[in-house]
Amino acid sequence: MLSVSNLRATVGETEILKGLTLDVPAGEVHAIMGPNGAGKSTLSYVLTGRQGYEVTSGTVTLEGEDLLALEANERAARGVFLSFQYPLEIPGVPALTFIRTAMNAQRKARGEAEITAPQFLKLAKAKAAELKIDFEMLKRALNVGFSGGEKKRMEIFQMAMLSPRFLILDETDSGLDIDALRIVADGVNALRAPDRAMLVITHYQRLLDYIKPDRVHVLSGGRIVASGGPELALELEREGYDKYARAA
Amino acid sequence: MVAVKKTVEHVASLEKYKHGFVTDIEQDFAPKGLNADIVRFISAKKDEPQWMLDWRLDAFERWLALEEPDWAKVSFPRIDYQDSYYYAAPKEKVGPKSLDEVDPDLLETYKKLGIPLREQEVLAGVVGSPKYAVDAVFDSVSVVTTFKKELAQVGVIFCSMSEAIREHPELVKQYLGTVVPVSDNYFACLNAAVFSDGSFVYVPPGVRCPMELSTYFRINAENSGQFERTLIIADKGAYVSYLEGCTAPMRDENQLHAAVVELVLLDDAEIKYSTVQNWYPGDPETGKGGIYNFVTKRGDCRGDRSKVSWTQVETGSSITWKYPSCVLRGNESSGEFYSIAITNGRQQADTGTKMIHLGANTRSRIISKGISAGRSSNTYRGLVSAHPKAKGARNFTQCDSLLIGKHCAAHTVPYIEARNGQSKFEHEATTTRLSEDQLFYAMQRGLSQEEAVQLLVNGFVKDVLQELPMEFAVEAQKLVAISLEGSVG
């Protein structure tokens, strides 16, 4: 589904990704693990089209379509979703308004009809119940005054509402206590489907106990330096990243 | 792609000022320039009584002795007051009695503006249309006045100022110039001498005005100053909500607009005054051609427990100089000021309010949201003062500025004076830059950059938008979006 080939990217003058190659087939969940500063967050921003992250060479395609040629919102309309490590606060804009605006913008870009208010509310109520989110919270300004755990849960809620094809979870476990982690993981697992793929970016193995990856990649020094099955995550947990930091 | 093509067309259409066109209606001009004879000409044109002419001439004499103020944080080339027309009216001998008598071009203008859809229904007398009374001011003379009958039934007088001078001289004499004195300031004084027309409202004791009163102002004549004068009187226990909205056609000459609005409130009266201002802001690169908007608006809470509320959405004009104020004279009277001021391109705005607490236990509340984009400058200037007798006065001020881009400026200039020991004033102010993180967050969810800016800005101004009457709020929200087109990226 997602195919990244020999990707190089810079932020300012600094090259962060140095020839990264990665394939995530439909239906699979891949984990990206790596030490701090390895380029994990940069990868998520490059894939989603953030300004200031300059691709100097290489390709990124989603089901054959060149993602790099598209703006951030165009990628979103094609089903690319990023669950942020630090979700932003949007003062004065209720969560429901924000999500509905986003959903309709995506639909419009795909040439689909807007969702009606009753349809939207019905969907929102169902998804909120699944994620154990108090519906009243969705009427408040998005993420304003929310706890870290609530913000992360709100990311997964948005993901469930927008129903993307390719999901990127950037350090989704950070700031979550064990109960919140379980709820979030359940939400993510509910989205696993044969026509979806996920990239789970994490520093710790803990999250992978709840979201079982099909493949694990080690990102170090801007490149994938090792790949393997779920057992690779456990090895990293035991032995740390030192070996790979040297390899890079 | 259809979506892309649509976007391109949409953006292209927005590049032109939406309301930039000139209606071709023959004008009846006063000669160019300003002197006592012009004042006499205006007064004669309007068939005014001698006392009104004397009042104007007195104002003109005082104006000659005044200096143009220079304390506001705005700069512009010196205005040549002799290079302007001071009277321009659509060519009609007498005011029309019904819609059929109105110049079709004029009605077409309203259509083009897109604003008066509901008003057009009202004007057309569509059954079941919302009850808005429109006193449309086309350049200088009120051409359409509706719903007079229904208003008359409850004793509300809503007419043009010219008509009020003829039909209700006792009320005009009693109140005109008592809130904003003739020589209050340079521009108000100029207005007193040459005011062209405006609206007059009187709501009798105990009457709740059965509909929102609404006026659309529009500057149309080439190079003619626009000097509206509005007087609203709410007698004891009366209530009225008044809406004022404006658009103007595109042109090259700077246009001076110096309006005066006076609100008089007796015991237990309440006036809600809402403005959406969308005058031509000038060329975004050079600032050329925009409107100069130098307005004096003041509400005088003469009666105990009276309440005045100003809500304004200021998106237009090249230069805005405007401080809708509240004189809280009556005990327990209260004043509110809710403001959204948006500047883009080369616009300059120096706006705010004055809350003058004179009576005991008076209250005021100020919520100001300033947004600057492009190379614009946006200043909030506000005075809150409590006089020795204003024991127990309370004020809450919240003043937020949002910066979009790197070349704009926001300033906050609060003046706070408490002359007794029993007043409580609170002032909160924030300045934030529209964050690139927030923009990316919204774009990652599918919003285009413009849509993301709109959403974030609408969130920022929400507290004020919700103070507007609902239909007005919808228009205002669109206007906010249009004003900031192209401000990012």
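Preceding block: the structure.
Residues numbered from 1 in each chain as written. Chains lettered and ligands numbered in written order. Predicted model: local features only at pLDDT ≥ 70, side-chain atom pairs only at ≥ 80, totals over all residues.

**Some remarks on the overall build of chain B**
Within chain B one finds 12 helices and 23 strands. Burial analysis of chain B (489 residues in total) assigns 54% to the buried set. Once local pairs closer than 6 in sequence are excluded, the contacts in chain B between residues at least 24 apart make up 83%. (Helix = DSSP H or I, 4+ residues; strand = E, 2+ residues; numbered from the N terminus. Buried ≥ 20, exposed ≤ 12 C-beta atoms within 10 Å, placed from the backbone. Contact = placed C-beta atoms within 7 Å.)

**A word on the nonpolar core**
All names here are of chain B. Counting 184 residues, the largest nonpolar core has Val201, Ala234, Val240 and Ile271 as the members making the most contacts within it. The dominant element in this core, judged by the number of residues it contributes, is helix H11 (residues 449-465), at 9 residues. With near-sequence residues (within four places) excluded, Val240 lies in contact with Val201, Val203, Cys209, Leu213, Ile232, Ala234 and Ile271. (Core = buried A, V, L, I, M, F, W, Y, C linked by C-beta atoms within 7 Å.)

**Remarks on the sheet that holds strand E1 (residues 2-11) of chain A**
Strand order in the open sheet made by the 4 strands is E2-E1-E4-E5 (chain A), with antiparallel pairing throughout. The open sheet has two free edges, formed respectively by strand E2 (14-24) and strand E5 (65-66) of chain A, since each of these has just one partner strand. (Pairing = 2+ DSSP bridges.)

**Observations regarding the sheet that holds strand E8 (residues 197-202) of chain A**
All names here are of chain A. Strand order in the open sheet made by the 6 strands is E6-E7-E8-E3-E9-E10, with mixed pairing throughout. On the outer flanks of this sheet lie strand E6 (80-83) and strand E10 (223-228), each paired with one strand and no other. Averaged over all adjacent pairs, the angle separating strand axes in this sheet is 20°, with direction ignored. Of the pairings in the sheet, the one linking strand E3 (residues 29-33) to strand E9 (residues 215-220) comprises 4 bridges and is parallel in character. Counted as the bridge partner of Ala31 is Val216 from E9. Of the strands in this sheet, E3, E6, strand E7 (166-170), E8 and E9 touch helix H1 (residues 40-48), which is tilted by about 150° from E7. Helix H5 (residues 148-162) rests against E6 and E7 of the sheet, and its axis sits at about 165° to E6. (Axes fitted to C-alpha atoms, helices over the stretch in contact; angles between N-to-C directions.)

**Section: the interface of chain A and chain B**
If you look at the interface, chain A gives 22 residues, while chain B gives 18 residues. Those elements that place two or more of their residues in the side of chain A that touches chain B are helix H2 (72-77) and helix H3 (95-109) of chain A. Tallying contributions element by element places H3(A) first for the side of chain A that touches chain B, with 6 residues. Classifying every residue of the side of chain A that touches chain B gives 13 nonpolar, 7 polar and 2 charged. (Nonpolar A, V, L, I, M, F, W, Y, C, P; charged D, E, K, R; others polar.)

Structural measurements only, silent on function.
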